[in-house]
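The residues making up each chain are set out below.
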Amino acid sequence: MVLLITTIYSALISIFLSLIYQFLAMQYRLTKLSYFITLIRIQQWIKNLFVFLPMFFNKQFVSYDSLFQASIAFISFSFVASAIYCFNDIIDVEFDKSHKTKKNRPIASGVISKREAKICLSVCVVLGFLLPYFFSEFGLLWVLVSYFIINILYTLIFKQIIVLDVILIATSFVLRLLAGGVATSTELSHWIIIMVVLLALFLAFAKRRDELIIYLEEKVLVRKNINKYSLKFLDTTLKTLSLLIIILYLAYSFSPEIKMQFNSSYIWLTSIFVVLGLFRYNKLIKLRHSYVNPTKILLKDFPLQLIVAGWIISFYIIIYV
C-alpha cells in the first residue's frame, strides 16, 4: 500500500514538474529555464540530505513509510531553502552587481528580473509549505516556518554580525535534523545534534576563512562583514573545532549507550573516516580548493567523496547488517 502511494505521489510530482517545464519552455528560451535553476541553487539541496540522518541512525532506512515521510521533508525543505536563496539574491542585488563573481548571478546580471524572481520565490514557498500540509505533517510544517523566519532575519539583519551569522547557519542544520526527526517520528539524540552543530560550524568558519583571504589579497568583499573577522581567530577556531569533533566522535563511538543502541562494539571503526575527512578538508582549506565551498568540494573532490561513502557504508554495515 505504501509503495503504491509512493508511486502515485512520485508520478504526480513528475507530471507537475513536467507541466511547469513545458510552460516555462513555451514562455522562455531553454536558457532562461537554466537561469531559474541557477537562481534556486538546486546543487545546494545536497545539504537537505541531513533530514535522512535521524531515520538512518534509528534503523528505519529499510522502512517504506519512513523513507516516504523523510522524502516529503527533503522536498519541502529544498523548496523553502530555494525560496530563501531567491530572497537573498533580491535583497543583495546591488551588492552582487559590484562583485566580481556574484555579478553573474541571474538577478544581478539582469537575465532574470526582480519580478520574475519574486514569482519564483512565491512558487517555492507555496510548494514547500503545501506538501507537509497536504500530507498532514503539521510538525514538519512548523519546523519549516521556523527555518523560513530565521533565514529571512538572517538575510536582513544577522548575517552582518560576525560569529552570530555562523551560529545561525549551524541552527539551520539542526532544523534540518529536526525536520527529519519530526517527519519520521524519530527522537533526536544529543550526540547527533552536537556532532551536526560542530560540523556545520567547522564548514562555515572554513568558508569565512577563505572569504577573508580573498579580501586580504584582492580587497574584494565577498561578504559584507568579512573584514570584521581575523585570520588568527579563524585558524584557531578551525583547529579547535577539528579537535572537538574528533574527541567527541570517539566518545560517541565508545559510549556504552551507543553500543547498546546499535548492539555493536565496532562503531569506533567509523571514526577512521571522520578523521580522514577532517584531514582532507583541512588540506583543501589550505589549498583554497573551490573557494572552500562545502557543496562544490563534496561534488567535485573525489577523495572526499570516497571518505564520505566509506563512512556511510561502514555505518550501514555495522548497524543494519
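As the structure is a prediction and not an experimental result, all values here were calculated from the model.

(A) Seen up close, the overall build of the protein. From N to C terminus, the protein includes 15 helices and zero strands. Of all 321 residues assigned to the protein, the portion counted as buried reaches 46%. When contacts within the protein are restricted to residue pairs at least 6 apart in sequence, those whose partners lie at least 24 apart make up 72%. About 16400 Å² of surface is accessible on the protein, with carbon and sulfur atoms providing 70% of the total.

(B) Looking closely at unusual backbone geometry. Residues other than glycine seldom take positive phi values, yet Arg41 does so here, at roughly 50 degrees. Mapped onto the secondary structure, Arg41 falls in the loop between α2 (30–40) and α3 (53–57). Exposure remark for Arg41: the relative accessible area of 13% places this residue in the buried category. Notably, Asn263 is not glycine yet its phi reads approximately 55 degrees, a positive angle.

(C) View of the pattern of salt bridges. This structure, assessed with the given rule, holds 11 salt bridges. Between Arg41 and Asp89 there is a salt bridge, with the nearest N and O atoms lying 2.4 Å from each other. Taken together, the residues Arg41 in the loop between α2 and α3 and Asp89 in helix α4 (residues 64–91) connect sequence positions 48 residues apart. On the accessibility criterion, Asp89 (2% relative accessible area) is buried. Here Arg209 and Asp235 are joined by a salt bridge, their closest N and O atoms 2.5 Å apart. Here Asp235 lies in helix α11 (residues 231–253) and Arg209 lies in helix α10 (residues 190–218), a separation of 26 residues in the sequence. Residue Arg209 is classed as buried on the basis of its relative accessible area, which comes to 8%. Connected through shared salt-bridge partners, Arg41, Asp89, Asp96 and Arg105 make up one network.

(D) Local environment of the nonpolar core. Ranked by internal contacts, the top residues of the largest apolar core, which has 44 residues, are Phe57, Tyr252 and Phe315. Contributing elements (two or more residues each) for this core: α3, α9 (164–183), α10, α11, α12 (256–262), α13 (271–287) and α15 (302–320). Tallying contributions element by element places α10 first for this core, with 12 residues. Those residues in contact with Phe315 that sit more than four places away from it in its chain are Phe56, Phe57, Tyr249, Tyr252, Phe262, Ile267 and Thr270. Judged by nonpolar contacts, the second largest core, of 42 residues, contains Phe77, Phe87, Leu140 and Ala179.

Reading guide: rules and limits
Residues numbered from 1 in each chain as written. Predicted model: local features only at pLDDT ≥ 70, side-chain atom pairs only at ≥ 80, totals over all residues. Heavy atoms only, no water. Helix = DSSP H or I, 4+ residues; strand = E, 2+ residues; numbered from the N terminus. Buried < 20%, exposed > 50% of the residue type's maximum accessible area, 1.4 Å probe, protein only. Contact = heavy atoms within 4.5 Å. Areas by Shrake-Rupley, 256 points an atom, 1.4 Å probe, with all protein chains shown as cover. Salt bridge = Lys/Arg side-chain N within 4 Å of Asp/Glu carboxyl O. Core = buried A, V, L, I, M, F, W, Y, C linked by side-chain atoms within 4.5 Å.

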